[in-house]
Each structure stands twice: as C-alpha cells, then as structure tokens.
Amino acid sequence: MESVEDVQYLVVHGYRRAFRISGSGPALLLLHGLACDSSTWLDVIPTLSEHFTVIAPDLLGHGESDKPDADYSLGGYANGMRDLLTVLGIDKVTVVGHSFGGGVAMQFAYQFPDRTERVVLVSTGGLGKDVTPLIRFLTVPGSSAALAAATFRPWRPLVAGGMRALSRTPLSATRDLDEVARIYESLADPATRRAVQRVTSHVLNWKGQFVTMTDRSYLARLMPVLVVWGRDDMVIPSKHADFAPTQVSDVHVLNDAGHFPHKDHPEEFCRLVTEFIASNEPAHYHRGRWRALLRRGDQFALESVPPIAEGVTPAIS
C-alpha cells in the first residue's frame, strides 16, 4: 500500500482526481472542507488505516485535482465521489465530511443511501446559517480582485508567516490560523480562486448559508450519524451541533478545539470514529422504508412502517 503521504491520481470524466488511499477493511471516505485538500486528514489517516480502507480525495477544484469550469454544486460533488469510488471498486462507505465536506457527505448519503453505511459530520456546514464573514466575503462582487491583491507575491510570505506564528499562541481565537495560512496561500492561484468562489456561490451568500439539510434531517432515522465539533470554532459556531437532527446517534463537542478538531485532537477523533463505527451496524438500504419515510417526512413514525418481508435486511439495526 502507498504511503499516506503519496497522492495518487485517476481520470474520471476527463478530469484528474487526486486522492490518498491507505489501509484495509471497511471503507472510510474522508471529505475535506472549502479551499482545503486531503492533507487536512494526515494526522488521522495512519490510525484510521489500522482498521479501515481510508480514501481521502482532493475534491474537484481543490488541491492537486483539476480545476475546470465544471459543476461545483453539492450534488455534483456527491456524483463525483460515487464515480471515484466506483472506479476504485468500492461499493459502500462510511462517509466523513469536514465543514463544506460535511455538506457533501450529507448530500452523498441523501443521493446514494444504498452506498452509505454511516455518516460522520465534523464542524459541518449545512446545519445553520452562521458562517465566518471571511467566507461570506467570497460571494461579494469584486472579491476575486481583492483576493488577488491580498495574495500578491511580495507580501504573501509575510502574511502567511504571521498567521502561522499567531497559531502557536495559546489564544483560542488564533488556533486555526495555521490551516488558514495554507488556504490563504492556495487562493493565490487564479484557478483555485475561481473554483472556490464557484463552490461558495452554490451554498451561501453575504448573509450566510442558504443551503442546509435540516429539511431532510429526518432521513437520519435510517442511518447512523455522528457529529463532532470544536467548542472554539470561529468559522462555523459549535452551537450548530444543537441543530443536528434528534435522530443523530451521537454528538461530541470537544474542548480546546477549533474548526479542525481532527487536527487539534487526532487521537480523540480517531477513537470517536472507530467506536462509533464499531457500535453502529451499517445502514442497509430498503426501498420500501425509504419511500415511506419520504412520504411522511418529519411526521414519520417508525412504528407505522409495515414490517419488512422475510429475508430482506432492515434499514435500521
């Protein structure tokens, strides 16, 4: 197996897709957030790979994947993940999504319940309107020119270096600046900048997030869901964890952690994910139950669903 440091490539629909893959066992799909890439998971991939086949892609428009003029919607990303998994010969996954990747994870589970065993949401988008003004700024006319000026080569190293220095202070407000510095540097590339702004236009505007999954949160009744957040998150407030559907299997808000709890507490994060998977049997898609749930929506009562025919695996363990 390749080292987790090694990035591999596949061409799907004519676009190069970069990804990391490691380990063996049940499949775990790790989806990074806006303007990040698969390297955000490097602190947890080795431990998770002891139990799972871990696939960590660079989403289209991010990292070392291509950055075409293409579909950057949540649905488009979900389709892309389905197709990447299909090419890799992987049928079903537990999908783990961080920030914007959490929105993709929820969309993947919604579009492809037959291929989703569990969902893990990490400081996720899609559960509320609030988001940092720095991300909302990306949707404002003229922001591309402003970003080009802000990331101009002469002062880029000074700004990034200052962020990294501040990230090493004990202040919770500066905790995530090391990762922000990487994002800042990546936005110097015009293709990355265009792709990131296309992504943001699909899910938020200057007022905040307008695409959420809360209207479909009742679907969590048929699938185990874990939510992990950092209490000091300055990007998407941890209070959004309270908006998770009541059917969610488990919610953990970690102290002394920001928007990247998997980086702040990698050992704890791996423990939570591993124990969640061990204690929750995978969801098994059953068309009848899915249909009944969609018909009744959030008024649905599991007791009202007709029993599943003998020999058919139930959707809930």
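Keep in mind that this is a model prediction, so the values were computed, not measured. Per chain, residues are indexed from 1 in the order of the written sequence. Where totals are concerned, whole chains, interfaces and linings use all residues; where local detail is concerned, this predicted model gives features only for residues with pLDDT of at least 70, and gives and counts side-chain atom pairs only at 80 or more. Excluding hydrogens and water, the side-chain figures rest on all heavy atoms present in the structure.

(A) Just the pattern of salt bridges, in detail. For salt bridges, the criterion is a side-chain nitrogen of Lys or Arg within 4 Å of an Asp or Glu carboxyl oxygen. Applying the stated criterion across every chain, the model contains 13 salt bridges. One salt bridge in this structure joins D130 and K239, with 3.3 Å as the shortest N-O distance. Here K239 lies in the loop between strand 9 (225-230) and strand 10 (250-254) and D130 lies in the loop between strand 6 (116-122) and helix 4 (133-136), a separation of 109 residues in the sequence. Per-residue accessibility, obtained with a 1.4 Å probe over protein chains only, is compared with the maximum for each type, and a residue is labelled buried under 20%, exposed over 50%, and partly exposed between these values. Judged by its relative accessible area of 44%, K239 is partly exposed. K263 serves as the salt-bridge partner of E179, at 3.5 Å between the closest nitrogen and oxygen. Of the two residues, E179 is situated in helix 7 (residues 177-186) and K263 in helix 9 (residues 261-264); the sequence distance between them amounts to 84 residues. Here the residues in one salt-bridge network are D37, E179, R182 and K263, joined through shared partners. Only DSSP runs of H or I reaching four residues or more are called helices, and only runs of E reaching two or more are called strands; each is numbered from the N terminus.

(B) Examining helix 6 (residues 156-167) more closely. With 12 residues, helix 6 ought to run about 16 Å at 1.5 Å a step, and its terminal C-alpha atoms sit 17 Å apart, in line with that. Taken together, the buried positions of helix 6 are occupied by A160, M163 and S167. The buried residues of helix 6 occupy an angular sector of 60° when the element is viewed end-on, so they sit on one face. For helix 6, the exposed residues set more than 90 degrees away from the buried face come down to P157 and L158. Each residue after the first adds 1.5 Å to the expected span of a helix. The directions considered for the arc run from the helix axis to the C-beta atoms.

(C) Main features of the packing of aromatic side chains. Only rings of Phe, Tyr and Trp enter the pairing, Trp through its six-membered ring, and a pair is recorded when the two centres are within 6.5 Å. The plane angle decides the type: under 30 degrees is stacked, over 60 is edge-to-face, the rest tilted. Inspection of the entire model under this criterion finds six aromatic pairs. Aromatic ring contacts, followed pair by pair, group Y72, Y77 and F100 into a single cluster.

(D) How the structure looks around the sheet that holds strand 10. Pairing between strands requires that DSSP locate at least two bridges from one strand to the other. Strands sit in the order 1-2-4-3-5-6-9-10 across an open sheet of eight strands; the sheet is mixed. Looking at the sheet topology across the chains shown, the edges are occupied by strand 1 (8-12) and strand 10. The average undirected angle you get between the axes of adjacent strands in this sheet is 20°. Sheet topology places strand 3 (residues 27-31) next to strand 5 (residues 93-98); four bridges connect them, and they run parallel. Each bridged residue has a counterpart across the sheet, and for L28 the counterpart in strand 5 is T94. Taken strand by strand, helix 3 (residues 100-111) contacts strand 3, strand 5 and strand 6, and its axis lies near 150° from that of strand 5. In this analysis, axes come from line fits to C-alpha atoms, helices being fitted only over the stretch in contact, and the angle between any two N-to-C directions falls in the range 0 to 180 degrees. Whether two residues are in contact is decided by their heavy atoms: any pair within 4.5 Å suffices.

(E) Highlighting the side chain of T94. Looking at the element boundaries, T94 is found in strand 5. According to the relative accessible area criterion, T94 is buried, its value standing at 1%. A polar side-chain atom of T94 sits 2.8 Å from a polar atom in the side chain of R118. Beyond its immediate stretch of four places on either side in the chain, T94 contacts A27, L28, L29, E117, R118, V120 and I277. Polar contacts, as counted here, are pairs of nitrogen or oxygen atoms within 3.5 Å of one another; within protein the pair requires one atom able to donate a hydrogen and one able to accept it, and residues that are adjacent in sequence qualify only if both atoms are side-chain atoms.

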